[in-house]
Amino acid sequence: MPGIKDKVVIVTGASSGIGEATARILAAHGARVVLGARRTERLEVLAGLIRTAGGIAEYQALDVTKRSQLEDIVALAKSRFGRVDVIVNNAGVMPLSTLDRLKVDEWERMVDVNIKGVLYGIAAALPVMQAQGSGQIINVASVGGHRVVPSAAVYCATKFAVRAISDGLRQEVDNIRVTVISPGVTESELADSITDPAAKLGMETYRKIFITAEAVARTILFAIEQPADVDLSEIVVRPTASA
Ligand code: NDP
């Protein structure tokens, strides 16, 4: 199926920021979107807005740290629309701190959401796409998946991992497109998960120059719109002023 019209697209982390903007833009271009996140009240509002604008949207509670819930949202897409053309593994958290702060629980949360959540999304969607003979897996990494900065060692490690997993998957599967989106600083709620005061202060300065979530969403739309035989392997998108 070329283009975006009628494609069935699952978006994880669709309750705010990049995921929300992606859902809106893809639906506005004719995709049938299936939205997942933990804050279902937000998904309900978003799905309502999309439907009012003439789009097609379903939503379901999703915690990406639970493998069965990724299986459930893929099953919802299949039962409602009969197929899964794209999964955007976007859900992520970024509770930054230097390693000597020993915020081990936050390290584990980043590994669980940012790495295992992506792997569970792949595990749930890949068999469906292979049975269809086509599909696209879009994983949201970061410029932090290219370069490590202080206080972001674990976060960057998770994003290096997302790029490594995507690179391996791309080489292993035929007929399935694999795309990495690596944003720089983007307006969203991501920094709200930082509990360490020093890291929070550092990010307030670092995050003063940003692009909109819509700018990132447009790159996701662009990657999906490519012809079926074109794999847009990675897009790095960041503020002009920090390029
Ligand atoms: P937001 O905090 O605005 O959005 C994060 C989304 O992830 C929310 O919808 C949240 O939904 C969801 N989420 C978090 N934990 C879980 C979970 N356990 N299960 C399901 N969903 C979860 O941040 P962004 O939009 O910025 O983040 C989107 C992606 O972009 C992330 O992967 C992030 O690392 C990446 N990124 C962002 C950059 C930025 O500067 N903003 C730069 C580079 C990459 P809920 O809480 O309702 O579950």
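The rules behind each value
Residues numbered from 1 in each chain as written. Predicted model: local features only at pLDDT ≥ 70, side-chain atom pairs only at ≥ 80, totals over all residues. Helix = DSSP H or I, 4+ residues; strand = E, 2+ residues; numbered from the N terminus. Rg over C-alpha atoms; globule rule 2.2 N^0.38 Å. Buried ≥ 20, exposed ≤ 12 C-beta atoms within 10 Å, placed from the backbone. Contact = placed C-beta atoms within 7 Å. Near = placed C-beta within 6 Å. Nonpolar A, V, L, I, M, F, W, Y, C, P; charged D, E, K, R; others polar. Pairing = 2+ DSSP bridges. Axes fitted to C-alpha atoms, helices over the stretch in contact; angles between N-to-C directions. Parallel < 35°, antiparallel > 145°, perpendicular 65-115°, else oblique. Left-handed = near helix turned anticlockwise from the far one by under 90°. pLDDT = per-residue confidence, 0-100. Right-handed = clockwise from strand over helix to strand, strands pointing away.

**Focus: the overall build of the protein**
So, step 1. Of regular secondary structure, the protein possesses 7 helices and 7 strands.
So, step 2. Element order for the protein, N to C, with α for helix and β for strand: β-α-β-α-β-α-β-α-β-α-β-α-α-β.
So, step 3. In terms of overall size, the protein behaves like a compact globule, its C-alpha atoms giving a radius of gyration of 17 Å where 243 residues would be expected to give roughly 18 Å.
So, step 4. Taken along its principal axes, the extent of the C-alpha atoms in the protein is 50 × 40 × 35 Å.
So, step 5. Counting every position in the protein, which comprises 243 residues, the buried fraction comes to 44%.
So, step 6. Excluding contacts between residues fewer than 6 apart, the proportion of contacts in the protein whose partners are at least 24 apart in sequence is 72%.

**What to know about the site of the ligand**
So, step 1. Around the ligand lies a shell of 30 residues, among which Gly13, Gly17, Arg38, Gly92 and Ser188 are the nearest.
So, step 2. At 3 residues, helix 1 (residues 17–28) tops the list of elements feeding residues into the shell around the ligand.
So, step 3. A class-by-class count of the residues in the shell around the ligand yields 14 nonpolar, 12 polar and 4 charged.

**Re the sheet that holds strand 2 (residues 32–37)**
So, step 1. Strand order in the open sheet formed by 7 strands is 3-2-1-4-5-6-7, and the pairing between neighbours is parallel. Every other strand in the sheet has two partners, leaving strand 3 (56–61) and strand 7 (234–237) as the edge strands with one partner each. The average angle at which neighbouring strand axes cross in this sheet is 15°, direction not considered.
So, step 2. Bridge analysis of strand 1 (residues 8–12) against strand 4 (residues 86–89) gives 3 bridges, and the strand direction is parallel. Counted as the bridge partner of Ile10 is Ile87 from strand 4.
So, step 3. Docked against the sheet, helix 2 (residues 40–52) engages strand 2 and strand 3, running at close to 175° with respect to strand 3.

**As for the packing of helix 4 (residues 104–132) against helix 5 (residues 153–172)**
So, step 1. Following both chains from N to C, one finds helix 4 and helix 5 inclined at 15°, their axes separated by 9 Å at the closest point. When the axis of helix 4 is compared with that of helix 5, the two are roughly parallel. Of the two elements, helix 4 crosses helix 5, and the hand of that crossing is right-handed. Only Val154, Tyr155, Thr158, Lys159, Ala161, Val162, Ile165 and Leu169 of helix 5 make contact with helix 4, whose side of the interface consists of Trp107, Met110, Val111, Asn114, Ile115, Val118, Leu119 and Ile122.
So, step 2. When grouped by side-chain class, the residues that make up the contact of helix 4 with helix 5 number 13 nonpolar, 2 polar and 1 charged.

**Brief notes about the confidence of the model for the protein**
So, step 1. Model confidence for the protein is summarised by a mean pLDDT of 97, while 99% of its residues fall at 70 or above.
So, step 2. Note on the complex model: pTM 0.98, ipTM 0.99.

**Describing the pairing of strand 6 (residues 176–183)**
Regular strands place their side chains on alternate faces of the sheet.
So, step 1. The element strand 6 is largely enclosed, with a buried count of 8 among its 8 residues.
So, step 2. Neither face of strand 6 is exposed, since Ile176, Val178, Val180 and Ser182 on one face and Arg177, Thr179, Ile181 and Pro183 on the opposite face are all buried.
So, step 3. As paired strands, strand 5 (residues 135–140) and strand 6 are joined by 6 bridges and run parallel to one another. Within strand 6, the residue paired with Ile137 across the bridge is Val178.
So, step 4. At this point the chain moves from strand 5, through helix 5, to the parallel strand 6, and the crossover so formed is right-handed.
So, step 5. In the sheet, strand 6 pairs with strand 7 via 4 bridges, with the strands oriented parallel. Its bridge partner being in strand 7, Ile181 is matched across the sheet by Ile235.

**With respect to the pairing of strand 5**
So, step 1. Taking burial as the measure, the 6 residues of strand 5 include 6 buried ones, the bulk of the element.
So, step 2. The two faces of strand 5 match: Gly135, Ile137 and Asn139 on one face and Gln136, Ile138 and Val140 on the other face are all buried.
So, step 3. Between strand 4 and its parallel partner strand 5, the chain crosses via helix 4, and the hand of that crossover is right-handed.

**Focus: the packing of helix 3 (residues 67–81) against helix 4**
So, step 1. It is at 8 Å that the axes of helix 3 and helix 4 come closest, and there the two elements cross at 35°. In this structure, helix 3 meets helix 4 at a crossing whose hand is right-handed. Every residue of helix 4 that contacts helix 3 at Arg67, Leu70, Glu71, Val74 and Lys78 is listed here: Tyr120, Gly121, Ala123, Ala124, Ala125 and Val128.
So, step 2. Of the residues in the contact of helix 3 with helix 4, the class split is 7 nonpolar, 1 polar and 3 charged.

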